[in-house]
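So you can see what is in the structure, the chains are spelled out below.
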Amino acid sequence: MELFTIGFPTAFSLHTLAYCFIGVFLGTLIGVLPGIGALTAISLLMPVSFYLDPMTALVMLAGVYYGAEYGGSTASILLNLPGTASNAITALDGYPMAKQGRAGIALFVTTYASFIGGCLGVVLLMLVAPTVARLAVAVGPSEYFAILLFGLIIAATISQGSPLKGLGMVVLGMLIGTIGIDVNSGEYRYAFGIVDLYDGVSLVALALGTFGVAEVMHAIASQKDRGKIEDVTWRSMIPNWDDIKKTLKPILRGTGVGSIVGPLPGAGPTIASVMAYGLEKRVSTTPQNFGNGAIEGISSPEAANNAAVQTAFIPTLSLGIPGSPTMAIMLGALMVHGIAPGPKFMVENPEMFWGLIASFWIGNVILVGLNFPMIGIWVRLLQIPYRLLYPVILSLVCAGVFTLGLNVFEVWVVLVFGIFGYGLRLLGFWPAPLLIGFILGPLLEENLRRAMLIAGGDVMVLLQRPVTALILAVTAIILVWTLWRALRSQSGDEVVMGDE
Amino acid sequence: MLRCCSKDLLGGTFFVLVGLLFTLGAPQYGIGSAVRMGAGFFPLALGLLTVFLGVIMIVSGLRRADRPEPVAVRSVIAVSASLSAFAILVNIAGLIPALAAAVGLAALGDRANNLRAILMLVVFCCVMAWLIFVVGLGSPASLFGE
């Protein structure tokens, strides 16, 4: 009920609606264009969001995130080139459909699959998040420490690439997070006398470097020129009843998979869509059709990635644990706005939570409107080759980072982390866990210190609190199992996928 | 250059070095005790953990022979030159000349970009950045030097 009493009145101001529209519009745009992901786009928009009030900023940034999931399938279907990594799997059946002259239907199906997946995800978010938050209000520093640790380990082990490397990146991120002033002692750690580092490494510079710039360095050489694309007419988008019937169950199954994977820290829409596709192929009575334009093969993953995006907000808003790397950036944006994420966020800011939820409903409806009538424009945008696109991205990075504080130092930080991120990528390390470690590391340290102070420095006292002990035990089991598997496995990179 | 050893061997070595750097730096900030942790306690623990993880990577990397991908030299140089040019020029010449240089250098990263494409990109990016950051957001950045 709070949705109608608090949510919609907050979201229905012209100001908020305008930024909701800007968010989902930009999200669709960067989703359509291959080579830029939601994470880079949100980092780029962070400087802009500092000019807004926190609520509006959150509405806009969230809009980019779920908007990108709608737009991303366009390039997958028409070009066999994923707009964002989470739509890569859609190309497996979407591109064959386009070759059979069914591109219009594929685009229609992915849009309504996205819409249903997204809406059911929001419903789940409305039901689960307040309950979790109510339970979580009672947690003390020791429980919060345990939850954070659990989140970090999960982020490391189920992100793309090998779990050992993921773990390494999480720890590295936490180390980078220790740079700058220590709030407890006033000590400047690892600043080496550089005044610009006293406040620590800025999140925007780190994210734009390791994701944006590193991605551009990688993509210039690897993105090939695009072929000619057929125009998609509105009439070709009308499916027959048989098509719709075939997609309903896959959409529901995909939503289920997305809703389970979404809230897990570190596992974002990419993993959700891949798992949903796998499940669909397994339960299908005609698995031989998959890869040859099976309509089930595009509806399930598209529902899954949208459900994952919306349910990723559950742990982010109710516990302060990011449900995906992009959520980590959003948490960072909240912190810059002076809002502490964590179990108390929803209790202290009900109007923000319900306003955000209301904006999700509005945004999802706008997205359907954006995707159907404007399909011709998106198709034309796809013809822009990457060689003309990436200089624009870099100019936005430069101007955005610089105008944030008129500080050239930040530009150098972006460059250093860009080279560093590119190098690590060549070695099979993915930057997502690094970012989560960087954001959660300082929170982990803070709560560990508080918990140990209360416990008198005795680790055994921590373990006597049942909830803490339980979470820590589960975390330890996952950790040991991961290291054990990493040492035994012969190939380090089981799954290699792109970014969020 | 990077192709001498397996990915994990190189990555592991990198982690050991970074871990050592943070571990050795930690004591000067005060380790403290478990009850009252000093500023160096947490970085020390993380640093040691990093070294440990690096060693495991090296051990598992010795058994493998997967070489890293080759470095895309042209892309890396073009992007680095682009950001460096912006950082050097922006305070001397102002936002617009710095952006023009950055976009021009970046565009050289792809051989297919001819002079006409580069000029178009420069104009487009400068106008866009001016509209977004100066007109739209009211950034006080100076457009053409002092």
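Residues numbered from 1 in each chain as written. Chains lettered and ligands numbered in written order. Predicted model: local features only at pLDDT ≥ 70, side-chain atom pairs only at ≥ 80, totals over all residues. Heavy atoms only, no water.

## Section: the overall build of chain A
Alright, step 1. The secondary structure content of chain A amounts to 22 helices and two strands.
Alright, step 2. Judged by the C-alpha coordinates and their principal axes, chain A covers about 70 × 55 × 45 Å.
Alright, step 3. Taking all 500 residues of chain A together, 64% fall into the buried category.
Alright, step 4. Intrachain contacts of chain A at a sequence separation of at least 6 include 81% that bridge at least 24 residues.
Alright, step 5. Accessible surface for chain A amounts to roughly 17,300 Å². Of this, 68% is attributable to carbon and sulfur atoms. (Helix = DSSP H or I, 4+ residues; strand = E, 2+ residues; numbered from the N terminus. Buried < 20%, exposed > 50% of the residue type's maximum accessible area, 1.4 Å probe, protein only. Contact = heavy atoms within 4.5 Å. Areas by Shrake-Rupley, 256 points an atom, 1.4 Å probe, with all protein chains shown as cover.)

## Structural notes on helix α4 (residues 54-79) of chain A
Residues and elements named next belong to chain A.
Alright, step 1. For α4, with 26 residues, the first-to-last C-alpha span of 38 Å sits near the 38 Å given by 1.5 Å per residue.
Alright, step 2. Along α4, the helix axis deviates most sharply at E69, where the bend reaches about 30°.
Alright, step 3. Two residues or fewer after α4 comes N80, characterised by a positive phi angle close to 60°. (Expected span 1.5 Å × (residues − 1). Bend = angle between axes of the 7 residues up to and from the residue.)

## Here we look at the packing of helix α5 (residues 90-99) of chain A against helix α6 (residues 103-136) of chain A
All names here are of chain A.
Alright, step 1. One way to put it is that α5 packs onto α6 with a least axis distance of 7 Å and a crossing angle of 145°. Residues T90, M97 and A98 of α5 pack against A103, I105, A106 and T110 of α6.
Alright, step 2. Counted by class, the contact of α5 with α6 contains five nonpolar, two polar and no charged residues. (Axes fitted to C-alpha atoms, helices over the stretch in contact; angles between N-to-C directions. Nonpolar A, V, L, I, M, F, W, Y, C, P; charged D, E, K, R; others polar.)

## Side note on the pattern of salt bridges
Alright, step 1. Taken as a whole, this structure holds ten salt bridges over all chains when the rule is applied.
Alright, step 2. With its nearest N and O atoms 2.9 Å apart, the salt bridge here joins K165 of chain A to D8 of chain B. Residue K165 of chain A is found in helix α8 (residues 163-178), and its partner D8 of chain B is found in helix α1 (residues 7-25); the two belong to separate chains. With respect to class, K165 of chain A is no different from D8 of chain B; both count as buried.
Alright, step 3. In this structure, the salt-bridge partner of E445 of chain A is R449 of chain A, at a minimum N-O distance of 3.6 Å. Here R449 of chain A and E445 of chain A lie together in helix α20 (residues 432-455), a separation of four residues that amounts to about one turn. (Salt bridge = Lys/Arg side-chain N within 4 Å of Asp/Glu carboxyl O.)

## Quick look at the interface of chain B and chain A
Alright, step 1. Each partner contributes residues to the interface: chain B has 72 residues there, and chain A has 70 residues.
Alright, step 2. A buried area of about 6,200 Å², summed over both sides, lies between chain B and chain A, and 77% of it is on carbon and sulfur atoms.
Alright, step 3. Among the residues chain B hides against chain A, the three largest losses belong to Y29, F42 and L83 of chain B. Together they make up 12% of the total.
Alright, step 4. Between the two partners, chain B and chain A, sit one salt bridge. (Buried area = accessible area lost by both parts, 1.4 Å probe.)

## Topic: unusual backbone geometry
Residues and elements named next belong to chain A.
Alright, step 1. Not every positive phi belongs to a glycine, and Y190 is a case in point at roughly 50°.
Alright, step 2. Tracing the chain through its elements places Y190 in the loop between β2 (188-189) and α9 (203-222).
Alright, step 3. Taking relative accessible area as the criterion, Y190 reaches 4% and is therefore assigned buried.
Alright, step 4. One non-glycine residue, L406, adopts positive backbone phi at about 50°.

## With respect to the confidence of the model for chain B
Alright, step 1. Scored by pLDDT, chain B has a mean of 87; 97% of the residues are at 70 or more.
Alright, step 2. Here the predicted complex carries an ipTM of 0.92, next to a pTM of 0.85. (pLDDT = per-residue confidence, 0-100.)

## Looking at the nonpolar core
Alright, step 1. Ranked by internal contacts, the top residues of the largest apolar core, which has 177 residues, are V201 and F313 of chain A together with F86 of chain B.
Alright, step 2. Once you skip the residues sitting within four places of it in the chain, F313 of chain A turns out to touch A62, Y65, L125, S318, M327, M330, L356 and F360 of chain A. (Core = buried A, V, L, I, M, F, W, Y, C linked by side-chain atoms within 4.5 Å.)

## Here's the deal with a nonpolar patch on the surface
All names here are of chain B.
Alright, step 1. A cluster of nonpolar side chains, namely V123, V127, W130, L131, I132 and V135, defines an oily patch on the protein surface of about 500 Å² accessible area.
Alright, step 2. Relative to the helices and strands, L131 resides in helix α5 (residues 115-136).
Alright, step 3. In this structure L131 comes out as partly exposed when scored by relative accessible area, which is 45%. (Patch = residues over 30% accessible without salt bridge, like charges linked within 9 Å, V, L, I, M, F, W, Y side chains within 5 Å.)

## Let's talk about the environment of V32 of chain A
Residues and elements named next belong to chain A.
Alright, step 1. Following the sequence through the fold, V32 ends up in helix α2 (residues 14-32).
Alright, step 2. Residue classification places V32 among the buried positions, given a relative accessible area of 0%.
Alright, step 3. The sequence separation of V32 and M275 amounts to 243 residues, and the corresponding C-alpha distance is 22 Å.

## Digging into the side chain of D110 of chain B
Alright, step 1. As for its placement among the helices and strands, D110 of chain B is situated in the loop between α4 (95-107) and α5.
Alright, step 2. One buried charged residue, D110 of chain B, forms no salt bridge at all, with the nearest opposite charge on R387 of chain A at 5.4 Å.
Alright, step 3. Leave out the neighbours within four places in its chain, and D110 of chain B touches I220, R387 and Y390 of chain A together with R74 of chain B. (Lys, Arg positive; Asp, Glu negative; His and termini not counted.)

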